[in-house]
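Residue-level structure breakdown
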Amino acid sequence: MENVTRPWPALWALVLGFFMILVDSTIVSVATPAIMTGLEADINSVIWVTSAYLLAYAVPLLITGRLGDRVGPKNLYLVGLVTFTAASAWCGFSGTVETLIVARVLQGLGAAMMTPQTMAVITRIFPPNRRGSAMALWGSVAGVATLVGPILGGLLVDSLGWEWIFFINVPVGIVGFVLAWRLVPKLSTHSHSFDVLGVALSAIGMFCLVFGIQEGESFDWGSIAGPISVWGLIIVGIVVLVAFVIWQHFNRREPLLPLGLFRDRNFSLANVGITTMGFAITAMALPLMLYAQNVRGLSPTQSALMLAPMAIISGGLAPVTGKLVDRVNPRYIAIIGFVSLPISLFWLGAILSPDVVIWQLLLPISLLGVANAGIWAPLSTTATRNLPPAKAGAGSGVYNTTRQVGAVLGSAAIAALMQARISANLPQAANAAPGSSEPSLGGGQLPEALREGFATAMGQSLYLPAAVVVIGLVAVAFFAKPSPRGYEAPTKDPVRENVSS
């Protein structure tokens, strides 16, 4: 652990940027109809605005975690923040959906440079007995940011236009840069080699898998081009990812994915849990926002305010959760969260209809707030508690990668499922235009004849993230009680021989 006299100001400076990049993971969901109208794009193209960001965010996380160890977490964080802020301005000025997608890729790369550094700094500047409170702040920021995104997006879309969901990042990024420059300490660096083959395999595998899942419905799960089929692309993605893991096992130098980290039972289980959480949070927002605007005729702001109880409850419970995590076994808190989340999503999916009373929707949405408060902090604390300082960057990179992999798969899977359920529930809309499997969603409230079927399709889509989260529940149920003192370096730690001051 590094000797830092004022760790909390440093943490607050870092979580400002972390908050901003996570808001951008979900802020597009409420602006989807406005972007479709403004850029004359279809729903699948606009979903790629989110998926491209998440994919560009997820793939480099393993290497940026290592790179932060090598060049210093503060330095890489600042470079990422500049990249993210500049890309945000480019997003706002985009005149076509293709340009917007490219700008979002650059945004994702900036986010990938920033995120692992926040967890790595926490692991290195806070002692284990205070790390729970620090991780509670980090986790609550992650949870609240993904909920605030749609609310902030709704306000900005209604008042200033969809472009401002990106322009707002520019002043926040500038303030965040100044604070991080002044408050975040320079920490010792660790020499690392880089696994170029591992980077290539992980990037190719993830792209093939995500593209195949998300675009499958568009190509009727058949041929994409010549002999290349949707299922062939998905299988290639899975095979390449398996090859990536095998290569990590046999790489005798320094693998991109240190499989040795997974010998820690809690680290492994926490990664399973956060993957399902990333999937669920990303997948649930879009069906809800499309239902609110296209079935109920709500404005973006009104739609986003449906999620306000979730954000308020999650934020209010976060400090309580942070204190409990340092005092009781995090498993018990996480179980409460992972039980509440699928219940709330199944409940919400079951009652979505054109005429359900709004207050009835707010009940399961409020339970989502309880679930979020009980998941983020216990998982992050458990995952990092036993990490040695020299592997803090690698460990945080792996943890954030699994979260983002879940988010990418959630975005791709919910796109495919929504299109499939719309086709099943609205066959007349599916046949309205050649090659289209959805009604026009960019022009406000749907005709009354389409609302019932569309609401049913969106409700059924919510069952997918609910089912995936059950896997996370099983994982956290097997958490071992963490050591009260966390990681303790052995008398002779060969990893530390690579540390340079």
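A brief report on the enclosed structure follows.

Reading the values: the criteria
- Each chain carries its own residue numbering, running from 1 in the direction its sequence is written.
- Per-residue local features of the predicted model are confined to residues with pLDDT of at least 70, and side-chain atom pairs are confined, for both listing and counting, to 80 or more; whole-chain, interface and lining totals are unaffected and use all residues.
- With hydrogens and water set aside, each side-chain value is computed from the structure's full complement of heavy atoms.
- Convention adopted: a line fitted to C-alpha atoms gives each axis, helices being fitted over their contacting stretch, and angles between N-to-C directions are expressed from 0 to 180 degrees.
- Numbering goes from the N terminus for both helices and strands, where a helix is a DSSP run of H or I of at least four residues and a strand is a run of E of at least two.
- Note: crossing handedness is left-handed where the near helix turns anticlockwise from the far helix by less than a right angle, and right-handed where it turns clockwise.
- In what follows, a contact means two residues having at least one pair of non-hydrogen atoms within 4.5 Å.
- Residues are grouped as follows: Ala, Val, Leu, Ile, Met, Phe, Trp, Tyr, Cys and Pro are nonpolar; Asp, Glu, Lys and Arg are charged; all remaining types, including Gly, are polar.
- Roughly parallel covers angles under 35 degrees, roughly antiparallel covers those over 145, roughly perpendicular covers 65 to 115, and oblique covers all other angles.
- Multiplying 1.5 Å by the residue count of a helix minus one yields the expected span of that helix.
- A simple rule labels every residue: compare its accessible area, found with a 1.4 Å probe on the protein chains alone, to the largest value its type can have, and call it buried under 20%, exposed over 50%, or partly exposed in between.
- Think of it as the arc spanned by the lines of direction from the helix axis to the C-beta atoms.
- Ring pairs are drawn from Phe, Tyr and Trp, using the six-membered ring of Trp, whenever the two centres fall within 6.5 Å, and their geometry is named by plane angle: stacked under 30 degrees, edge-to-face over 60, tilted for the rest.

1. Observations concerning the packing of helix α11 (residues 265-294) against helix α16 (residues 376-384)
Orientation of α11 relative to α16, taken along the N-to-C sense of each, is 145 degrees, at an axis distance of 8 Å. For α11 against α16, the interelement crossing comes out left-handed. Between α11 and α16, the residues in contact are Asn266, Phe267, Ala270, Gly273, Ile274, Met277 and Ile281 and Trp376, Leu379, Thr382 and Ala383, respectively. Looking at side-chain class alone, the contact of α11 with α16 contains eight nonpolar, three polar and no charged residues.

2. Thoughts on the packing of helix α19 (residues 448-461) against helix α20 (residues 463-476)
Geometry of a packed helix pair, given as the angle between the helix axes and the separation of the axes. The N-to-C vectors of α19 and α20 enclose an angle of 10 degrees; their axes lie 4 Å apart at closest approach. Classed by the angle they form, the pair α19 and α20 counts as roughly parallel. Across from Gly459, Gln460 and Ser461 in α19, the residues of α20 making contact are Tyr463, Leu464 and Pro465.

3. Notes on helix α8 (residues 169-183)
The end-to-end C-alpha distance of α8, which contains 15 residues, comes to 20 Å, matching closely the 21 Å that a straight helix rising 1.5 Å per residue would cover. Taken residue by residue, α8 has Asn169, Gly173, Gly176 and Ala180 as its buried positions. Seen from one end, α8 has its buried residues packed into an arc of 65 degrees, which puts them on one side. Exposed residues lying more than 90 degrees from the buried face of α8 are Ile174, Trp181 and Arg182.

4. A few points about the packing of aromatic side chains
Aromatic ring pairs are reported here in terms of the distance separating the ring centres and the angle at which the planes meet. By the definition in use, this model includes seven aromatic pairs. Taken together, a centroid distance of 4.9 Å and an interplanar angle of 65 degrees make the contact between Phe93 and Phe167 edge-to-face. Within this pair, whereas Phe93 is found in helix α4 (residues 73-93), its partner Phe167 is found in helix α7 (residues 164-167), the two being separated by 74 residues in sequence. Since its relative accessible area comes to 66%, Phe93 is described here as exposed. For Phe167, a relative accessible area of 15% puts it in the buried group. Geometrically, the ring pair formed by Phe177 and Trp181 is stacked, given 6.1 Å between the ring centres and 20 degrees between the ring planes. One end of the pair is Phe177 and the other is Trp181, both in helix α8 and four residues apart, which spans about a single turn.

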